[in-house]
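Observations on the model geometry
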Amino acid sequence: MNIVLFGAPGSGKGTQAEQLCQELNLIHVASGDLFRENLNNETELGKLAQTYMDKGELVPDDVTVAMVKERLSRPDARTGVIFDGFPRTLPQAKALDQVMDEMERRIDGVLYIKVSDEEVVRRLSGRLICRECQTPFHKEFNPFKRCPFNKCEGEYLYQRDDDRPETVRARLKTFHNQTEPLIDYYRQAGLLAEIEGEGEVAEVATRTLAVARGLVQA
Ligand SMILES: [Zn+2]
């Protein structure tokens, strides 16, 4: 089974991906991890990606797609994967379809974890990070004035620039602009399932798992 997981920043998508992988014995293919791995191991694709990054350019889709293809060809990915952070654009989605065709595999479903923009802003803009140990806290859900850990006792919790409300709104705008054509693409293909992403993490996990299990039976 191969699943694509969508969700805005702050939707809890990464957490849901981990849980689904455990429950369904799938491999988590997160584009960020894949990039780091190729760069750290200095693979041919990693070195190629680095040449673009050194020039301050975006890594072209064909390099990203080649990394994904290489990951899919490893034995552990045979039972199935969850794509997280990829595809991000319509051309990437089409390239993924082609790769899957070549490998005689298919995407069984696309799960979109939906969280309202207001909720994302509330979650992310409340986040505070310890300057010393980088542990995240939350103004509302996990409030501390200073880091409570004995070994750390960092004096300052601070807000990352990325988490300022105006930045979060800009990130959401980018997400919607990039993702909407993809959502339509997968909806037309009859693959899209939308999941209510607000509420307790465990509840969202139950809903997500139920939808994913439904794909196996379909
Ligand atoms: Zn700390």
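See the structure shown above.
Below is a short write-up of the structure. It should be emphasised that the depicted structure is a prediction, and the values quoted were computed from it without experimental measurement.

1. Points about the sheet that holds strand E8 (residues 192-196)
Taken in spatial order, the five strands line up as E2-E3-E1-E4-E8 in an open sheet, and their pairing is parallel. Sheet topology places strand E2 (27-30) and E8 at the edges, where each strand pairs with a single neighbour. Neighbour to neighbour, the strand axes of the sheet diverge by 25° on average, direction disregarded. Bridge analysis of E2 against strand E3 (residues 81-84) gives four bridges, and the strand direction is parallel. When the sheet's bridge partners are listed, His 28 is paired in E3 with Ile 82. The strands touched by helix H2 (residues 31-40) are E2 and E3; relative to E2, the strand with the most contacts, the crossing angle is about 80°. Here helix H7 (residues 165-188) sits on the sheet in contact with strand E1 (2-7), strand E4 (109-114) and E8, set at roughly 145° to E1.

2. Re the coordination of the zinc ion
Note on the zinc ion: its protein donors are Cys 130 (SG), Cys 133 (SG), Cys 147 (SG) and Cys 152 (SG). The metal-donor distances range over 2.2 to 2.4 Å. Around the zinc ion sit four donor atoms, and with donor-metal-donor angles ranging over 104 to 112° the site reads as tetrahedral. Read N to C, the donor residues that coordinate the zinc ion are spaced as C-x2-C-x13-C-x4-C. One end of the pair, Cys 130, is in strand E5 (residues 127-130); the other, Cys 152, is in the loop between strand E6 (136-138) and strand E7 (157-158), with 22 residues separating them in the sequence. A relative accessible area of 0% means that Cys 130 is categorised as buried.

What counts, and where the lines are drawn
Residues numbered from 1 in each chain as written. Predicted model: local features only at pLDDT ≥ 70, side-chain atom pairs only at ≥ 80, totals over all residues. Heavy atoms only, no water. Pairing = 2+ DSSP bridges. Helix = DSSP H or I, 4+ residues; strand = E, 2+ residues; numbered from the N terminus. Axes fitted to C-alpha atoms, helices over the stretch in contact; angles between N-to-C directions. Contact = heavy atoms within 4.5 Å. Donors = N, O, S within 2.8 Å, 3.2 Å for Na, K, Ca; no water. Tetrahedral: all angles 85-135°; square planar, octahedral: opposite > 155°, others 65-115°. Buried < 20%, exposed > 50% of the residue type's maximum accessible area, 1.4 Å probe, protein only.

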